[in-house]
Amino acid sequence: MALKGVLVRQTFSTETPRMHAYRTHTCGQLRSEHVGETVRISGWVHRKRDHGGLLFIDLRDHYGLTQCVVQPDNAHFATLERLRVESVVSITGNVVARSEETANENLDTGMIEVVIEQLEIQSAADELPLPVFGEPDYPEEIRLKHRYLDLRRDTLHKNIQLRADVITYLRERMKGQGFTEYQSPILTASSPEGARDFLVPSRMHPNNFYALPQAPQQFKQLMMVSGFDRYFQIAPCFRDEDLRADRSLEFYQLDIEMSFVTQEDVFSAIEPVMHGVFDEFSGETEVTPAPFPRIPYKEAMEKYGSDKPDLRNPIELCDVTEFFADDSKTGFGIFAKIIAGGGKVIAVPAPKAAAEKSRKFFDDMDKWAKKEMQAPGLGYARLKEADGGGVDSQDPVLKNFQPELLNELLEKMGLEAGDGIFFSAGKKSDAYKLAGAARLKVGEELDIVEKDIFKFCWIVDFPMYEWDEDNKKVDFSHNPFSMPQGGLEVLEAADTDEKKLEILAYQYDIVCNGTELSSGAIRNHRPDIMIKAFELAGYGPEVVEQEFGGMLNAFKYGAPPHGGIAPGIDRIVMLLAGADNIRDVIMFPMNQQGQDLLLGAPSPAENAQLRELSLRLVQVEK
RNA sequence: GCGGGUGUAGCUCAGCUGGUUAGAGUGCCGCCCUGUCACGGCGGAGGUCGCGAGUUCGAACCUCGUCACUCGCGCCA
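Bear in mind that the values here come from a model prediction, so they are computed numbers and not experimental data. (Residues numbered from 1 in each chain as written. Chains lettered and ligands numbered in written order. Predicted model: local features only at pLDDT ≥ 70, side-chain atom pairs only at ≥ 80, totals over all residues. Heavy atoms only, no water.)

**Structural notes on the pairing of strand β10 (residues 250–259)**
Part 1 of the reasoning: Among the ten residues that make up β10, eight are buried, leaving the element largely enclosed by the rest of the structure.
Part 2 of the reasoning: Both strand β9 (residues 230–238) and β10 contribute to a ladder of nine bridges, which runs antiparallel. By the bridge assignment, A235 is partnered in β10 with Q253.
Part 3 of the reasoning: In this structure, β10 lies alongside strand β25 (residues 562–565), joined through four bridges in antiparallel fashion. The partner of I256 across the bridge, within β25, is I565. (Buried < 20%, exposed > 50% of the residue type's maximum accessible area, 1.4 Å probe, protein only. Helix = DSSP H or I, 4+ residues; strand = E, 2+ residues; numbered from the N terminus. Pairing = 2+ DSSP bridges.)

**A word on the sheet that holds strand β23 (residues 507–512)**
Sheet strands line up and pair through hydrogen bonds in the backbone, either parallel or antiparallel.
Part 1 of the reasoning: Taken in spatial order, the eight strands make up an open sheet running β6-β9-β10-β25-β24-β23-β20-β12, and their pairing is mixed. In this open sheet, the two strands that pair with only one neighbour each are β6 (180–181) and β12 (294–296).
Part 2 of the reasoning: Summarising the sheet, β12 and strand β20 (residues 456–460) pair through three bridges and their orientation is parallel. Opposite I295, over in β20, you have I459 as the bridge partner.
Part 3 of the reasoning: Across the sheet, helix α6 (residues 217–225) is in contact with β9, β10 and β25; its angle to β10 comes to roughly 25°.
Part 4 of the reasoning: Across the sheet, helix α21 (residues 569–577) is in contact with β9, β10, β23 and β24 (515–522); its angle to β24 comes to roughly 145°. (Contact = heavy atoms within 4.5 Å. Axes fitted to C-alpha atoms, helices over the stretch in contact; angles between N-to-C directions.)

**Things to note about the environment of D495**
Part 1 of the reasoning: Residue placement: D495 occurs in the loop between α17 (487–493) and α18 (497–502).
Part 2 of the reasoning: The sequence separation of D495 and L536 amounts to 41 residues, and the corresponding C-alpha distance is 8.7 Å.
Part 3 of the reasoning: Here K499 takes part through its side chain, which lies 3.0 Å from a polar atom of the side chain of D495. (Polar contact = N/O pair within 3.5 Å; in protein donor to acceptor, adjacent residues only side chain to side chain.)

**Let's talk about the protein's contact with RNA strand B**
Part 1 of the reasoning: Around RNA strand B, the structure places 48 residues, and the nearest of them are R47, R49, D50, T102 and N479.
Part 2 of the reasoning: Sugar and phosphate atoms represent 54% of those atoms of RNA strand B found within 4 Å of the protein.
Part 3 of the reasoning: Contacts to RNA strand B include Q595, whose side-chain N or O atom sits 3.0 Å from a phosphate oxygen. (Near = heavy atom within 4 Å.)

**Let's talk about the packing of α6 against helix α20 (residues 541–554)**
Part 1 of the reasoning: Between α6 and α20, the shortest axis-to-axis distance is 10 Å and the interhelical angle comes to 15°. Taken as axis vectors, α6 and α20 run roughly parallel relative to one another. Between α6 and α20 the crossing geometry is left-handed. Contact with α6, carried on its side by Q218, Q221, L222 and V225, involves F548, M551 and A554 of α20 and no other residues of that element. (Parallel < 35°, antiparallel > 145°, perpendicular 65-115°, else oblique. Left-handed = near helix turned anticlockwise from the far one by under 90°.)

**Some thoughts on the packing of aromatic side chains**
Part 1 of the reasoning: Applying the stated criterion to the full structure yields 25 aromatic pairs.
Part 2 of the reasoning: Relative to F281, the ring of Y169 has its centre 5.7 Å away and its plane inclined at 85°; by these criteria the two rings are edge-to-face. Of this pair, Y169 sits in helix α5 (residues 154–176) while F281 is found in helix α7 (residues 263–281), placing the two residues 112 residues apart along the sequence.
Part 3 of the reasoning: Here the aromatic rings of F332 and F335 are separated by 4.8 Å at their centres, their planes lie at 80°, and the arrangement is edge-to-face.
Part 4 of the reasoning: F332 gets classed as buried once you look at its relative accessible area, which sits at 12%.
Part 5 of the reasoning: On the basis of relative accessible area, F335 is assigned to the buried category, the value being 7%.
Part 6 of the reasoning: Ring-pair connections join several aromatic residues into one group, and the members of that group are Y465, F476, F481, F534, Y539 and F548.
Part 7 of the reasoning: Of note, R382 hangs over the ring of F362, and the distance from its end group to the ring centre comes to 5.9 Å. (Phe/Tyr/Trp six-rings, centres within 6.5 Å; stacked < 30°, edge-to-face > 60°. Lys NZ or Arg CZ within 6 Å of the ring centre and 35° of its normal.)

**Concerning unusual backbone geometry**
Part 1 of the reasoning: Of the consecutive residues A290 and P291, the connecting peptide bond is found in the cis state with omega at -5°.
Part 2 of the reasoning: By the element assignment, P291 lies in the loop between β11 (286–287) and β12.
Part 3 of the reasoning: Here the bond from A601 into P602 is cis, since omega is -5°, no more than 30 degrees from zero.
Part 4 of the reasoning: With respect to the secondary-structure elements, P602 resides in the loop between α21 and α22 (607–612).
Part 5 of the reasoning: Despite not being glycine, D447 has its phi angle at roughly 55°, a positive value.
Part 6 of the reasoning: Mapped onto the fold, D447 is located in the loop between α16 (428–445) and β19 (453–454).
Part 7 of the reasoning: For D447, a relative accessible area of 54% corresponds to the exposed category.
Part 8 of the reasoning: Backbone geometry places N513, a non-glycine residue, at a positive phi of 50°.
Part 9 of the reasoning: Residue placement: N513 occurs in the loop between β23 and β24.

**A few points about the confidence of the model for chain A**
The predicted coordinates ought not to be read in detail in places where the model reports low pLDDT.
Part 1 of the reasoning: Per-residue pLDDT for chain A has a mean of 91; in total, 97% of the residues score no lower than 70.
Part 2 of the reasoning: Helix α1 (residues 2–12) is the least confidently modelled element of chain A, averaging 37 in pLDDT, while β6 averages 98, the highest of any element. (pLDDT = per-residue confidence, 0-100.)

**A closer look at helix α13 (residues 359–371)**
Part 1 of the reasoning: With 13 residues, α13 should cover 18 Å at 1.5 Å per step; its first-to-last C-alpha distance of 18 Å lies within 8% of that length.
Part 2 of the reasoning: Listing the buried residues of α13 in full gives F361, F362, M365, D366, W368 and A369. In an axial view of α13, the angular spread of the buried residues amounts to 160°, which keeps them on one side of the axis. Counted as exposed and oriented over 90 degrees from the buried face of α13: K360, K367 and K371.
Part 3 of the reasoning: Close packing links the buried residues of α13 with α12 (353–356), β15 (379–382), β18 (420–426) and α16. (Expected span 1.5 Å × (residues − 1). Arc of directions from axis to C-beta.)

**Considering the layout of surface pockets**
Part 1 of the reasoning: In this model, the second largest pocket occupies a volume close to 1400 Å³.
Part 2 of the reasoning: Forming the walls of the second largest pocket are 35 residues, and the residues nearest its centre are Y297, P463, Y465, E466 and W467.
Part 3 of the reasoning: Taken together, the elements giving at least two residues each to the lining of the second largest pocket come down to α8 (297–304), α16, β21 (465–468), β22 (473–476), α18 and α20.
Part 4 of the reasoning: With five residues, the top contributor of residues to the lining of the second largest pocket is α16.
Part 5 of the reasoning: In terms of residue class, the lining of the second largest pocket is built from 17 nonpolar, three polar and 15 charged. (1 Å grid on protein atoms, 1.4 Å probe; cavity = no way out; pocket = protein on both sides within 12 Å on 5 of 7 lines; lining within 4 Å. Points joined across faces, edges and corners; volume = space filled by probe spheres on them. Nonpolar A, V, L, I, M, F, W, Y, C, P; charged D, E, K, R; others polar.)

**Some words on the sheet that holds strand β13 (residues 318–319)**
Part 1 of the reasoning: An order of β13-β14-β18-β15 is seen for the four strands of this open sheet, with the pairing classed as antiparallel. Each edge of the open sheet is held by one strand with a lone partner, namely β13 and β15.
Part 2 of the reasoning: Running over the sheet, α16 touches β13, β14 (344–350) and β18 and is turned about 5° from β14.

Take a look at the structure:
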């Protein structure tokens, strides 16, 4: 049918019988060298400028924009005057040079214009719910509902193209390094750890369910056991958890696994790819050269209050617990009480803040801590020249400090008059969490965060276990498949909770500008170590057998040492595109409620469908 | 599940301490306009102030509830 249409159209083009039905050139193609040619271009009416006696049409396609011009003596003038923007037309006409005064340097095709001779309207547009031209801010709800219009807009169109180019680059680069792209199932088994699974009911097995993969974790490990050595995949992942600006229900990972490797081997395989992709697509922006800094987890928490530190921010936290322990020397009882209860006081230096910011800045930080972080509060002190020389502060936290102790504190933190300090006090994890968040906010407010740079680091030596406050027991802190550092020996020696919590894993994250791009690990490929590792977390061998039987069995017949990583592609593109929202780098994203507003998902199922699946709905109370 | 923000014309937003007929820009419609590229000029249409209660002589504005979107917390190895 389509072919027939083309033939019919061609027979109508009597003046230039061999001309393509829709276009001889794209809208981004014509230059001065084409002047004098008769061309045909097709695209969307981007913008009209109607002078009454002269009408300009900017015609747009994927490749660019071309100005077309028509005069009232042309038969199509009246039609074009009425035609709405975003209508699709084919224009045939002469390429003419623009005069020096009328050329447009901002446009690739700005040296020429097309004088319209023939016009074919391929598809007239109704009044738009969302303008394409100019890209004014529009409500997301409308943008998502009319995504095809939103996607025509330059920024989003470019983001999606960037995403495609990034994925192509990653594929090429991985293949170049000896990796092969293998696929893994989408309908798979539910895995007990980690995020909530999406379930898919099985028709053939009533009351049984497939799960969509949270990641192809077990499959990629099984590939290594199967001898495939170097795997990668642009892998779709599904997690049924509440959404964030940088989290979607479905997302893509550059999933990677390698056999016979140490942690350093994984790093040196990934670093050139990550540096490469950022270097390639970030324009002039500087990118941390490989090897990226390696920061132990403990150090990251102590210096930055986060396991995904933004290294563009120069602020480092300081544990000042010791200075506040004795309130007879500080005159500040609140912190002393917290410390007596086993808590910590973490200081966040705010260079020049006392000199450059008003009291409101400090008060607002405290308000922010209470409101946004739901913390008890954020203490602060502004440092100024003391009357008798030296430095002091009239703010409550430091006002009554013994001068020598204050000097010691300031020396430790490297602060002087004109600087500010914020204090986060509480249970160790809470104190660091607030301090880490305050570090980011202070850096931003003081505008001391480096710009135009992608700063990478590895966070290494994650703890194997953590204290589960809810169940009052030791549990895995990441996934249970990681190899503990020191292997079986270390596990066997850990006879107390304290010792267990000190065990580190070959578990690592790659972080860029405060965004966690990926987690990875050297895996535990030894059934005996795995059973012991579970035992330390209070799970018997039957649990391992039941939950991970498939993998455990596979490891019994010869499994290579292996490890891998899985950088999040959406987040990489977000960083490269400068987008602060994951929806701006996904072609057809869901809203924050996990709804597809364009095609309407999720939606109720037909009773017939439910019957086939042996499902019956229950009423949900709202 | 919890907390913050937003909700006024198709859209972006203004609307003071509660007070007469709720405004601007943009888009849309009509007329004019031969060198624009955010073209310009004149005119017009367009409002359940998210929804529901309440307080008040009087509510876009105050109170309570509710809904939607969004950002965050929990959650997400």
